[in-house]
Amino acid sequence: EEDARDVVDIMTQSIFGSLIDVNGELDTQRGGTTGKSKSKKKKAFLETILKSRQDILSMAELMSIGMLCFRSDEDPNLDKTIRDIIDE
């Protein structure tokens, strides 16, 4: 079981690391979720937040993650979408 958790942790770090640019910022041009349903995008958003390993994220940080997961050009109401997810 511990080995399985180690693998999950390594994979999580790897995926999150692939979304980070050289400045340590989320790179919205890497990856993305084009073609996924809203529920899959929401899941990707929440998983990315968990991968950040921060207890508190600012709204600006949430918006950066949201831009990556929801693609702001596909969701003109990104701010409302993120607030709705937070309120759930």
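Residues numbered from 1 in each chain as written. Predicted model: local features only at pLDDT ≥ 70, side-chain atom pairs only at ≥ 80, totals over all residues. Heavy atoms only, no water.

(A) Spotlight on the overall build of the protein. In terms of regular secondary structure, the protein is built from four helices and zero strands. Taken from N to C terminus, the helices and strands of the protein fall in the order α-α-α-α. Here the protein, with 88 residues, has 30% of them falling under the buried criterion. For the protein, contacts bridging at least 24 residues in sequence account for 53% of all contacts bridging at least 6. Split by element, the accessible area of the protein, about 6200 Å² in all, is 52% carbon and sulfur. (Helix = DSSP H or I, 4+ residues; strand = E, 2+ residues; numbered from the N terminus. Buried < 20%, exposed > 50% of the residue type's maximum accessible area, 1.4 Å probe, protein only. Contact = heavy atoms within 4.5 Å. Areas by Shrake-Rupley, 256 points an atom, 1.4 Å probe, with all protein chains shown as cover.)

(B) Helix 3 (residues 59-70), seen in detail. Every buried residue belonging to helix 3 is among Leu 62, Ile 65, Gly 66, Leu 68, Cys 69 and Phe 70, and all of these are buried. Taken around the axis of helix 3, the buried residues stretch over an arc of 165°, which confines them to a single face. At its buried positions, helix 3 is contacted by helix 2 (38-51) and helix 4 (78-87). (Arc of directions from axis to C-beta.)

(C) Molecular detail of the nonpolar core. With eleven residues, the main nonpolar core is built from Ala 44, Phe 45, Ile 49, Leu 57, Leu 62, Ile 65, Cys 69, Phe 70, Leu 78, Ile 82 and Ile 85. For this core, the element with the highest residue contribution is helix 3, accounting for four residues. Ignoring any residue separated from it by four or fewer positions in sequence, one finds Phe 45 in contact with Leu 62, Ile 65, Gly 66, Cys 69, Phe 70, Ile 82 and Ile 85. (Core = buried A, V, L, I, M, F, W, Y, C linked by side-chain atoms within 4.5 Å.)

(D) Layout of the packing of helix 2 against helix 3. Across the interface, helix 2 lies against helix 3 with an axial gap of 9 Å and an inter-helix angle of 140°. Our classification of the angle between helix 2 and helix 3 gives oblique. Seen from above, helix 2 lies across helix 3 with right-handed handedness. Contact residues: Lys 38, Lys 41, Lys 42, Ala 44, Phe 45, Thr 48 and Ile 49 in helix 2; Leu 62, Ile 65, Gly 66, Cys 69 and Phe 70 in helix 3. A per-class count over the contact of helix 2 with helix 3 returns seven nonpolar, two polar and three charged. (Axes fitted to C-alpha atoms, helices over the stretch in contact; angles between N-to-C directions. Parallel < 35°, antiparallel > 145°, perpendicular 65-115°, else oblique. Left-handed = near helix turned anticlockwise from the far one by under 90°. Nonpolar A, V, L, I, M, F, W, Y, C, P; charged D, E, K, R; others polar.)

(E) Molecular detail of the pattern of salt bridges. Overall, the coordinates contain two salt bridges when judged by the stated rule. The partner of Lys 43 in a salt bridge is Glu 47, with the nearest N and O atoms 3.9 Å apart. Taken together, the residues Lys 43 and Glu 47, both in helix 2 and four residues apart, mark about one turn of the helix. Classification of Glu 47 by relative accessible area gives partly exposed; the value is 34%. Between Asp 84 and Lys 80 there is a salt bridge, and its shortest N-O distance comes to 2.8 Å. Taken together, the positions of Asp 84 and Lys 80, both in helix 4 and four residues apart, correspond to about one turn of that helix. (Salt bridge = Lys/Arg side-chain N within 4 Å of Asp/Glu carboxyl O.)

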